[in-house]
Amino acid sequence: MFGDLLTQDALGVLVVSFGIGIVVGLTGMGGGALMTPALIFLGVPPTTAVANDLVAASVNKSVGAAVHWRHGSPNLRLATYLIIGSVPCAFLGTFVHRLAPGDTDHFLKLILGGALLFAAASYMFRMYLQLRLVTQGNEAPQDAPDLKPLLTIFIGAVGGLLVGVTSVGSGSVIMIALLLVYPTLSAVKLVGTDLVQAVPLVLAAAIGQVLNHGVEWAVLIPLILGGTPGTFLGSRMARWVSQSVIRRGIVIMLTLSGAKMLGADGDLLLLLGGAMLLLGPLAWGFLRQTRGLPAFDNNAAAWRLPDRTNK
């Protein structure tokens, strides 16, 4: 086993997981949506990529959740409702591959491609929602929002099923849904709540994937060894790096990865990537100007926190 960890392929997984860990630390999103397709592009079979990414994510997310728990940012009641829906569906989702007609890996690539495009669209929608909140100029409410148990459980169930099948969704789809249902939830509580509920969610999906496909130590260990310090470093760099640039980069990567999984050829990917890279900032700048903001942002938060320096 240890000899397998010294191969060039294992080193590639280590480097890629470190880079993606930095992105996760910078933005709080994009872990499974970036890591799983990256593993597939490195030659790892799709089922192995999903299984090992989920096991590694259960370790990395536990660290982040512990930090947020210590600082008291998560809404624990909201996280509980999400867990009720997400955990059983995440576990059951790992058995969907058995229902695949024909080649399981090809089936998973198609499902993953659709999930990545959906995640990219969700990510763009999240950026738009945050833009609207910025223009409203509201302060983050101090009172907890009124919870909607049945709707929250349903959100958890849909997100959990998606994570169980593809490993994508715990930090993107569920986050978008929470923004829509609980728009007054502050950013720090939103991230903290999502991380706390993601730990049992990803753990349930990881257990199901291990039972179905096992783990590949030559993939799993580099994922953990690279992803954990990368996430830590990214979190320390967050205040220095333009969040808007990173977020647009994630959208481009998700879109191109999803299109590739669905069978797009190189010429189409080149045109699509070039169009998003060149025209995306112009379209976003125009949208910001229609909201009365400068075309290029200064990383303003979605909510303005109350100023207590004079109180």
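Residues numbered from 1 in each chain as written. Predicted model: local features only at pLDDT ≥ 70, side-chain atom pairs only at ≥ 80, totals over all residues. Heavy atoms only, no water.

This brings us to the packing of aromatic side chains. Applying the stated criterion across every chain yields a total of one aromatic pair. An angle of 65° between the planes, with centres 5.4 Å apart, marks the rings of F91 and F95 as edge-to-face. Residue classification places F91 among the partly exposed residues on the basis of a relative accessible area of 28%. Since its relative accessible area comes to 26%, F95 is described here as partly exposed. (Phe/Tyr/Trp six-rings, centres within 6.5 Å; stacked < 30°, edge-to-face > 60°. Buried < 20%, exposed > 50% of the residue type's maximum accessible area, 1.4 Å probe, protein only.)

Attention now moves to the UniProt feature "transmembrane region" (unreviewed entry) in the protein. The sites that UniProt annotates as "transmembrane region" (unreviewed entry) are residues 12–35, 78–100, 107–129, 149–182, 217–233 and 268–287. Its end C-alpha atoms 33 Å apart, residues 107–129 is made of 100% helix and 0% strand. Between the C-alpha atoms that bound residues 217–233 the distance is 24 Å, and the span itself is 100% helix and 0% strand. (UniProt positions renumbered as here; feature names shortened; annotations may be inferred. Helix = DSSP H or I, 4+ residues; strand = E, 2+ residues; numbered from the N terminus.)

A few words on unusual backbone geometry. Even without being a glycine, S167 presents a positive backbone phi close to 75°. Among the structural elements, S167 can be located in the loop between α6 (149–166) and α7 (173–181). The buried category is assigned to S167, whose relative accessible area is 5%.

Reading fine detail from the predicted coordinates is not recommended where pLDDT is low. On average, residues of the protein carry a pLDDT of 79, and 80% of them reach 70 or more. The lowest-confidence element of the protein is helix α3 (residues 46–70), averaging 77 in pLDDT; the highest-confidence one is helix α4 (residues 76–93), averaging 93. Overall, residues 1–5 carries pLDDT values under 50, and its contacts beyond four positions in sequence, including any with other chains, amount to eight contacts. Below pLDDT 50 for its whole length, residues 299–311 participates in 29 contacts with residues either more than four positions away or in separate chains. (pLDDT = per-residue confidence, 0-100. Contact = heavy atoms within 4.5 Å.)

Here α4 spans 25 Å end to end across 18 residues, near enough to the 26 Å set by a 1.5 Å rise per residue. Along its length, α4 shows its largest kink, about 30°, at I83. Those residues of α4 that sit buried are L78, A79, Y81, L82, G85, S86, A90 and G93. Two to three positions downstream of the cap, the backbone nitrogen of R77 sits 3.3 Å from a side-chain oxygen, assigning the N-cap of α4 to N75. (Expected span 1.5 Å × (residues − 1). Bend = angle between axes of the 7 residues up to and from the residue. Polar contact = N/O pair within 3.5 Å; in protein donor to acceptor, adjacent residues only side chain to side chain.)

A few words now on the environment of S58. For S58, the location among the structural elements is in helix α3. Owing to a relative accessible area of 12%, S58 belongs among the buried residues under this scheme. Those residues in contact with S58 that sit more than four places away from it in its chain are V202 and L203. For S58, the side chain forms a polar contact with the main-chain oxygen of V55, separated by 2.5 Å.

Turning to the packing of α4 against α6, a few remarks are in order. It is the contact of α4 with α6, at a shortest axis distance of 6 Å, that shows an interaxial angle of 35°. Along this stretch, α4 crosses α6, giving a crossing that reads as right-handed. Contacts between α4 and α6 pair L78, Y81, L82, I84, G85, S86, C89, A90 and G93 from the former with P149, T152, I153, I155, G156, A157, G160, L161, G164 and V165 from the latter. Of the residues that constitute the contact of α4 with α6, the class distribution is twelve nonpolar, seven polar and no charged. (Axes fitted to C-alpha atoms, helices over the stretch in contact; angles between N-to-C directions. Left-handed = near helix turned anticlockwise from the far one by under 90°. Nonpolar A, V, L, I, M, F, W, Y, C, P; charged D, E, K, R; others polar.)

Bringing helix α11 (residues 266–290) into the picture now. For α11, with 25 residues, the first-to-last C-alpha span of 35 Å sits near the 36 Å given by 1.5 Å per residue. Remark: the principal bend of α11, roughly 40°, maps to L279, with a proline, P281, within the next four residues. For α11, every residue scored as buried is listed here: L269, G273, M276, W284, G285 and R288. Following α11 by one or two positions, G292 adopts a phi angle in the positive range, close to 80°.

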